Amino acid sequence: MSRFKRAGNVDSLAGFRTPKPEAAVPYGLLKAARKSGQLNLSGRGLTEVPQNVYRLNIDEPAEAQENVAFGGSDRWWEQTNLTKLLLSSNQLIHLSEDIKLLPALTILDLHDNQLSSLPSTLGELQELLQLRLSHNKLSSLPTEVCSLNNLRSLTLQQNLLETVPEKIGELGNLTELDLSNNLLKHLPSSVGRLSALQKVSLCHNKLSSLPDSLGQLANVKLLDCSHNELTDVPVSLAGMLALEQLYLRHNKLRQLPQLPAPSLREVFAGNNRLELLEAEQLSCLSAVTLLELRDNKIRNLPEEIALLLTLTRLDLTNNDISTSLPASLSLLPNLKVLLLEGNPLRGIRRELLAKGTGDLLKYLRGRIKEEAEGTAEPTAMTLPSEGLVNTHNIKTLKMLEYGNKQAASVPDEVFDAAVHQAVTSVNFSRNQLTVFPPRLLELRSSLSDINLGFNRLSCCSDICSLQQLTHIDLRFSSFPEALYQIVTLETVMLGNNQVGGVDPSRLMQLLSLSTLDLSNNDLLSVPPELGLCTSLRCLSLEGNPFRTPRAAIVAKGTDAVLEYLRSRIPT
């Protein structure tokens, strides 16, 4: 018998064949993807996308070649086209032209890889709705991407982009564009044609100017131009009529832009070179609730600051204000936070500033000369003598006020005066309310801003019925459960409470939440997952007893805090 006699299961050609590499993607995942249309390959250490992923809906699956009986749930011939492909947090340095073999994709996530270029065939994915390319090494974007007519979201932050294709204006259905943390020195004028845009982030670039065409973006609600080299803002931005949040921090602005945007609620212009605040600039901010002007060179405050009737937070920290503050500041009906530390103020003792906003406003009210009764017109702080409510504010400002009364309940006459008036703002602060006023639900169709601060509320479960709410100010000993259910919330002011913790996983579901004030509470720790709340633009945590993040990090601002928290998430 020959010593080369073959064993029963031995392949005689085995030594001549190239061994097949072990599959980088478990076959079970591919099989499941054919059924669900979704494939998640994030965080698998991939350096390239396996060919069988690109050919998932082309090649006949292995089970089709096997002589087996299939159960009802294993009909391979009923496979679904792949619509969602997640490849984030790998080590990909190349994306094959074969990506075109997945034409049904609606979501393609490639963020957090090592990509320095993209294939032109991306432009063939005409069903694509979301293209996530952040945290790569891209120095350019292929013009073919600009032919993705259905694209809604394009995120390119944390790359090496120096230019943006002129054809980007062809993405007519785009609602979100994130170009932050790149090397951009200018933007093409064609961005003005992105008429569907609602959210634009241009922060952390090298922009020295903005194109006038930005003013054509009438649907943009959030514009972030922080950390650039802007010396001015084009007057054309007055055309952004839907603008609600404007971020201009860390630029070289010498004056506050004059933007009569009727919906503008939050303006962040800290760390610039502002010296003067003029009446014309302030008069445009009729709907502003938050005005951040810290770390500038502002020398004085004009009396016209009293025109900002909706203002709740005014930050003037670290400026050059030395003259007396206008006493009319104390007449702002909704002002809850006034920050003035770091100014060379005369006539106001440092101890008074340290006591906080309430005592400071009380001091300013004491400086106002009493006017003869009957000659002074009612102000936003003064109720007419003939009734309980300021009917002028209700009709013209759509604002219902019954604050600072120390009342245990709100009289029915107050609500009766608001019937059929489409009230948008309510201020019942500084009372002794122990329950949520049930008649507030009568205003559910119009009410967007509510202030119940400094009461004795123990719960507010009914408030989740106010589904138009975007801004809320409360005082609680714990984060109210009901707030997690109001998905429209943009601003939550819970400063100066006794809140001991928050649930970041539920906060992440509030996709519009941009301002969260948890300052001066009882937070013993800050959950690292809070850093994943990427919609947050202003997070206030100062005055809490936690040890980390350190005060030095908190002082650097929201971006630094969120980045630190993300770095602490266990891997």
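Basis of the calculations
Each chain has its residues counted from 1, following the order in which its sequence is written. Only residues with pLDDT of at least 70 are given local features in this predicted model, and only at 80 or more are side-chain atom pairs given and counted; all residues enter the totals for whole chains, interfaces and linings. To get the side-chain values, take all heavy atoms of the structure and skip hydrogens and water. In this scheme, strands are said to pair when DSSP sees at least two bridges between them. The way it works is that DSSP assigns letters per residue, a run of H or I at least four long becomes a helix, a run of E at least two long becomes a strand, and they are numbered from the N terminus. Lines fitted to the C-alpha atoms define the axes, with helices restricted to the stretch that makes contact. Angles between their N-to-C directions range from 0 to 180 degrees. In these notes, a set of buried Ala, Val, Leu, Ile, Met, Phe, Trp, Tyr and Cys residues joined through side-chain atoms within 4.5 Å is what counts as a nonpolar core. Here the term buried applies to any residue with accessible area under 20% of the maximum for its type, exposed to any over 50%, and partly exposed to those in between, with areas from a 1.4 Å probe on protein chains only. Throughout, a residue-residue contact means that at least one pair of heavy atoms, one from each residue, lies within 4.5 Å. Nonpolar side chains (Val, Leu, Ile, Met, Phe, Trp, Tyr) are joined into patches within 5 Å and like charges within 9 Å, using only residues with over 30% relative accessible area and no salt bridge. Under the convention used here, a 1.4 Å probe and the Shrake-Rupley method define accessible areas, while residue burial counts only the protein chains that appear. Criterion for a salt bridge: a side-chain nitrogen of Lys or Arg within 4 Å of a carboxyl oxygen of Asp or Glu. Neither His nor the chain ends is counted toward charge; the positive residues are Lys and Arg and the negative residues Asp and Glu. Charge positions come from single atoms, namely NZ of Lys, CZ of Arg, CG of Asp or CD of Glu. Planes of paired rings set the category: under 30 degrees apart is stacked, over 60 is edge-to-face and the rest tilted, where pairs are Phe, Tyr or Trp rings (Trp by its six-membered ring) whose centres lie within 6.5 Å. Nitrogen and oxygen atoms within 3.5 Å of one another constitute a polar contact, given that in protein one can donate a hydrogen and the other can accept it, and given that sequence-neighbouring residues count only through two side-chain atoms.

Caption draft 1: Representation of the sheet that holds strand β18 (residues 491–493). Taken in spatial order, the seven strands line up as β14-β15-β16-β17-β18-β19-β20 in an open sheet, and their pairing is parallel. Each end of this open sheet is capped by a strand with a single partner; those strands are β14 (399–401) and β20 (538–540). Taking each pair of neighbouring strands and ignoring which way they run, the sheet shows an average axis angle of 5°. Two elements, β18 and strand β19 (residues 515–517), share three bridges in a ladder whose sense is parallel. The residue of β19 that forms the bridge with M493 is D517.

Caption draft 2: View of the nonpolar core. Of all hydrophobic cores here, the largest spans 98 residues; its most connected members are L85, L108, L154, L223 and L329. Only α1 (27–36), α2 (51–54), α4 (350–355) and α5 (357–367) provide two or more residues apiece to this core. In this structure L223 touches V200, L202, L237, M240, L243, Q245, L246 and Y247, once residues within four positions along its chain are discounted. Counting residues in each nonpolar core, the second largest holds 55 residues, with V389, F428, L457 and L518 among its members.

Caption draft 3: Broad picture of a negative patch on the surface. A cluster of acidic residues, E278, E280, E303 and E304, forms a negative patch at the surface. Positionally, E280 belongs in helix α3 (residues 279–283).

Caption draft 4: Main features of the packing of aromatic side chains. Taken as a whole, this structure holds two aromatic pairs when the rule is applied. Ring geometry for Y247 and F268: centres 4.5 Å apart, planes at 5°, overall stacked. With Y247 in strand β9 (residues 245–247) and F268 in strand β10 (residues 266–268), this pair connects stretches of sequence that are 21 residues apart. Its relative accessible area of 1% is what places Y247 among the buried residues. Residue classification places F268 among the buried positions, given a relative accessible area of 0%.

Caption draft 5: Here's a closer look at the environment of R537. Within the fold, R537 resides in the loop between β19 and β20. Measuring from C-alpha to C-alpha, the distance between R537 and D224 comes to 9.1 Å, with 313 residues separating the pair along the chain. Leave out the neighbours within four places in its chain, and R537 touches K199, S201, L222, D224, Y247, R249, S514 and T558. Separated by 2.5 Å, the side chains of R537 and D224 make a polar contact.

Caption draft 6: Seen up close, the side chain of N431. Along the chain, the position of N431 falls in the loop between β15 (425–427) and β16 (449–451). Look at N431 and you get buried, because its relative accessible area is 2%. Polar contacts involving the side chain of N431 include one to the main-chain carbonyl oxygen of Y402, which spans 2.9 Å. Polar contacts involving the side chain of N431 include one to the main-chain amide nitrogen of Q406, which spans 3.1 Å. Setting aside anything within four residues of it in sequence, one finds N431 in contact with Y402, G403, N404, K405, Q406, A407, F454 and N455.

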